[in-house]
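Spelled out from the first residue to the last, the chains are:
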Amino acid sequence: MAEGQNVRQWLDDLCRGSRRWIQGTIAAGILAAMATVAQMVFLARIVHLGVIGQAPVQTLSPLFLGLAVSIIVRTGAQGLQTRLAARCSEQVRRDARRQLHHHWQSLGPVELGKHSAGTLAREWIDHVEALHGYFARFLPQLALATLIPLGILALVFYLDWLAGVFLLLSAPLIPLFMALVGMGAETLNQKHFRTISRLSGQFLDKVRGLTTLQLFGQTEGAASLIALRSDGYRQITMKTLRVAFLSSAVLEFFSSVAIAVVAIYIGFGLLGYIEFGPARELTLFTGLLILLLAPEFFQPLRTLSQHYHDRAAAMGAGAELLARLKSSPTLASTPATQASTATRGPEFDGIQLTGVSVRYQSSEPVFSQLSLTFRRGDVIALTGPSGGGKTTLLNLIAGFLPPGEGTIEVLGRSPGHSGFGWLGQKGFLVHGTWADNLRLTTPDASDVAIETALRSVGLGALLDSRPEGINSAVSEDGQGLSGGQSRRLSLARLFVADYDLILLDEPTAGLDVDSEIFVLEALHKLAMAGKTLVFSSHHHALLTLANRVLVVSGGEVRDA
C-alpha cells in the first residue's frame, strides 16, 4: 500500500508543471460535450417538428444549420483535446527522462555499468512511454467523467425526473467495477513490467556474449532460457489482456442494460402505458432527447473505464521507475561528513586529494584518509597488484565515484566538471564510421583533424589502405579491426578533443607488440604536448614514460 502511495505521489509531482495542459484538455472536453448536447437538442427538435408538427423544410433550416455548427464545434474541440493531452504527456515524459538522466549521472558510469543495459534501455523507452496514457487520457477523463455526466443528469432531471432517477441509480455501478478490476490490473501490470525488464536484460546479455556462448557450446542452453523467459512474458501479457477485455465487457453490459431501461420507460411512456410521475407529460422531443442523451451520459464513464488500464500501466511502470530513482550506489558514503567538491579557485591548478576515504558496502576500505598532489603537466603511473585500487583511484579523479569522505580538486575544479580524456581497459566504439567515433567528443572536428589524429596513433597505413578513408565503417564490437586497432581508434579521440587531463586504465592490456609500440608513441606525444597524464599499468616500458610512479596496494599509495 505504501509503495502505491509513493508512486501516486511521484506521478502527481510529475504533472505539476503540466497542470495548464491538463486543465486545457478538460476545458476542450467540456466544450466537446456541450457541443454534443446541443447536437442532440437540434436533432430531437428537427425530428419532433418534422414528424409531429409537419413543419416545412424552410422552417427547419435554422435547426439544420445549428446541427452542422454543433458538429463542427464538437469535432474541433475533440481535436484540440487530443492535441493538448499529447502536449501534456510529452512534457511529463520529458521530465521523467530528465530525472532518470540526472540519476544515472549521479550514479556514474561505474555504478551504472553494474546494471543490465537492456533493463536500463527498457526503462528509458517503454516504462516512460507507459506514462503517456495516464497523463494524456486518464487524468483528464477522470475530471470529465464527473463533470459531463453531472451536467447531462441535470438536464435529464429538468426534462423528466424519473428518467434522471434511472440514470442516477445505474451510474455508480461502473466506478464500482472499475475499482474492483483496477486492483487486479495494477498488480498484473507491475509484474508485466518487471518481467519485460528482466527479459530485455537477459536477451541483450546473451546477444552480446554470443561468441563466447558458441565457443563453449552453450548456445542451446541460452536459447532455451530465452524461450522459457519469453513464454513467461507471453503468459503474463495474456493475463493482463484478459483482465482488460473482461472488465470492458462487464462495464459495457451494465451501461447497455441501463440505457435499455431508460429506452423502455420512454417507449411505454410515449405509448401511454405509464402514467406515473412525469410520464404523462412526455413528448417526442423530450423522450427522443433523453434517449439520445442516455448513451452520452455513460460515455465518459465508459471511456474512463477503458483508460483505467492506462492508470494501471502507469502505476506498474512508475513503481519500476521510482525504484530505479531511489536506488543508491553500492559505494558507502557518509553525506553528513562528505565535504563539498565545488570549484575552489585557481590557487592550485593540479590534482589534489585531501583526506579521501572510500569503501564499498560490506567490505574493507579501499582508501582511508588518502592525500595526494599531482602538478599540471605531470605524467603519473599507477602500478601495483590487481585489486589494489588503481582503477578506483582513476575513477575518483574522473568523478565516476564520489568519495565517502574528503575532497578532490582536479585542475581547479571538482571532478567531472571539466572535460577530460578517458581510455578504459576496453575501447568504446559506436556503430558508424571512423569519423563518427572520433566526433563523439568533438562534433565539429574537421576531416583533416580526424585524419591527423588517426595517423598520430599509428593508423595511417590502415587508413591509406581503406578506399573510404575516415568514412570506413566500424561496428560496435570493432568488427573489421583488430583489438589493438580498435583501442587505437578510441585513443585517437584524445588527439581530436585536445584535453588537458587524460586518464588511462591499462592502455596496453591485451595488445600485441606492434600495437603496444603505437600506443606508447601516442602517449609520448601527449606527454610532450604538456598534457597531464594519469594511467595505470604493469608494463615496464609504459612506466618509464612517467616522471612519477606510484604503487597502489593495500589501501596505500606510495612513491615507487
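Just so it is clear, the structure is predicted and the values come from calculations on it, not from any experiment.

Conventions adopted
- Throughout this document, residue positions are counted from 1 along each chain, in the order its sequence is written.
- The predicted origin of the model limits local features to residues at a pLDDT of at least 70 and limits the giving and counting of side-chain atom pairs to 80 or more, whereas totals for whole chains, interfaces and linings rest on all residues.
- To obtain the side-chain values, all non-hydrogen atoms of the structure were included, while hydrogens and water were left out.
- Classification of residues uses two cut-offs on accessible area relative to the type maximum, computed with a 1.4 Å probe and protein chains only: under 20% is buried, over 50% is exposed, and between them is partly exposed.
- By the criteria applied, helices consist of DSSP H or I runs no shorter than four residues and strands consist of E runs no shorter than two, each listed in order from the N terminus.
- The pairing criterion is simple: DSSP has to find at least two bridges between the two strands.
- Any carboxyl oxygen of Asp or Glu that lies within 4 Å of a side-chain nitrogen of Lys or Arg is treated as forming a salt bridge with it.
- Orientation is described by axes fitted as lines to C-alpha atoms, over the contacting stretch for helices, and by angles from 0 to 180 degrees between their N-to-C directions.
- Between two residues, a contact is recorded if the distance between any of their heavy atoms is within 4.5 Å.
- For this analysis, a nonpolar core means a set of buried residues of the types Ala, Val, Leu, Ile, Met, Phe, Trp, Tyr and Cys, connected via side-chain atoms within 4.5 Å.
- The residues that make up patches have over 30% relative accessible area and no salt bridge, and they are joined within 9 Å when like-charged or within 5 Å when they are Val, Leu, Ile, Met, Phe, Trp or Tyr.
- Accessibility throughout is a Shrake-Rupley quantity obtained with a 1.4 Å probe, and a residue counts as covered only by protein chains that appear here.
- Residues counted as positive are Lys and Arg, residues counted as negative are Asp and Glu, and His and the chain ends are not counted.
- Charge positions are represented by NZ for Lys, CZ for Arg, CG for Asp and CD for Glu.
- Each angle receives one of four descriptions, namely roughly parallel if under 35 degrees, roughly antiparallel if over 145, roughly perpendicular if within 65 to 115, and oblique otherwise.
- Each crossing gets its handedness from the near helix: less than a right angle anticlockwise from the far helix is left-handed, clockwise is right-handed.
- Following the grouping adopted for this structure description, the nonpolar residues are Ala, Val, Leu, Ile, Met, Phe, Trp, Tyr, Cys and Pro, the charged ones are Asp, Glu, Lys and Arg, and the polar ones are all others, Gly among them.

(A) Just the pairing of strand 10 (residues 532-536), in detail. The buried count for strand 10 comes to five of five residues, which makes it a mostly enclosed element. Strand direction decides the pairing type here: strand 4 (residues 379-383) and strand 10, joined by four bridges, are parallel. Bridging from a neighbouring strand, Leu382 pairs with Ser536 of strand 10.

(B) Region of the structure containing the environment of Leu173. Mapped onto the secondary structure, Leu173 falls in helix 7 (residues 173-208). Separated by 78 residues in sequence, Leu173 and Leu251 have C-alpha atoms that sit 8.3 Å apart.

(C) Expanded view of the pattern of salt bridges. Per the counting criterion, the structure on display carries 16 salt bridges. Asp498 is the partner of Lys531 in a salt bridge, and the nearest nitrogen-oxygen pair spans 2.3 Å. Placement of Lys531 in the loop between helix 16 (513-528) and strand 10 and of Asp498 in the loop between helix 15 (483-497) and strand 9 (501-505) is noted, with a sequence separation of 33 residues between them. On the basis of relative accessible area, Lys531 is assigned to the buried category, the value being 10%.

(D) Geometry of the sheet that holds strand 6 (residues 421-423). Spatially, 6-9-10-4-11-12 is the arrangement adopted by the six strands of the open sheet, whose pairing is mixed. The open sheet has two edge strands with one neighbour each: strand 6 and strand 12 (556-559). Adjacent strand axes in the sheet meet at a mean angle of 15°, parallel and antiparallel pairs treated alike. Examined bridge by bridge, strand 4 and strand 11 (residues 548-553) share four bridges and lie parallel to one another. Counterpart to Thr383 in the pairing with strand 11 is Val551. Across the face of the sheet, helix 15 comes into contact with strand 6 and strand 9 while running at roughly 170° to strand 6. Where helix 16 meets the sheet, it contacts strand 4, strand 9 and strand 10, and its direction lies at approximately 145° from that of strand 10.

(E) Highlighting the nonpolar core. Counting 59 residues, the largest nonpolar core has Trp10, Leu11, Leu14, Leu131, Phe135 and Leu167 as the members making the most contacts within it. Only helix 1 (2-14), helix 2 (19-51), helix 3 (57-112), helix 4 (117-129), helix 5 (132-159), helix 6 (161-170), helix 9 (219-271) and helix 10 (284-326) provide two or more residues apiece to this core. Ranked by residue count, the leading element in this core is helix 10, at 16 residues. Membership of the second largest hydrophobic core comes to 40 residues, among which are Leu459, Leu491, Tyr499 and Leu545.

(F) Structural view of a positive patch on the surface. A contiguous patch of positive charge, built from Lys191, Arg194, Arg198, Arg229, Lys239 and Arg242, is present on the exposed surface. Mapped by element, the contributors of at least two residues to the positive patch are helix 7 and helix 9. The residue Arg242 is located in helix 9 in this model. Judged by relative accessible area, Arg242 falls into the partly exposed class, the value being 47%.

(G) Region of the structure containing the environment of Pro278. Structurally, Pro278 can be placed in the loop between helix 9 and helix 10. The class for Pro278 is buried, based on a relative accessible area of 10%. Along the sequence, Pro278 and Trp161 sit 117 residues apart, while their C-alpha atoms lie 7.1 Å from each other. Setting aside chain neighbours within four positions, we find Pro278 in contact with Asp160, Trp161, Leu162 and Tyr265.

(H) Region of the structure containing the packing of helix 4 against helix 10. Contact pair helix 4 / helix 10: the axes reach a minimum separation of 10 Å and the direction vectors enclose 135°. Relative to helix 10, the element helix 4 is oriented oblique. In this structure, helix 4 crosses over helix 10, and the sense of that crossing is left-handed. Here Thr119, Leu120, Glu123, His127 and Val128 of helix 4 come into contact with helix 10, specifically with Ala317, Glu320, Leu321 and Arg324. In the contact of helix 4 with helix 10, the residues fall into four nonpolar, two polar and three charged.

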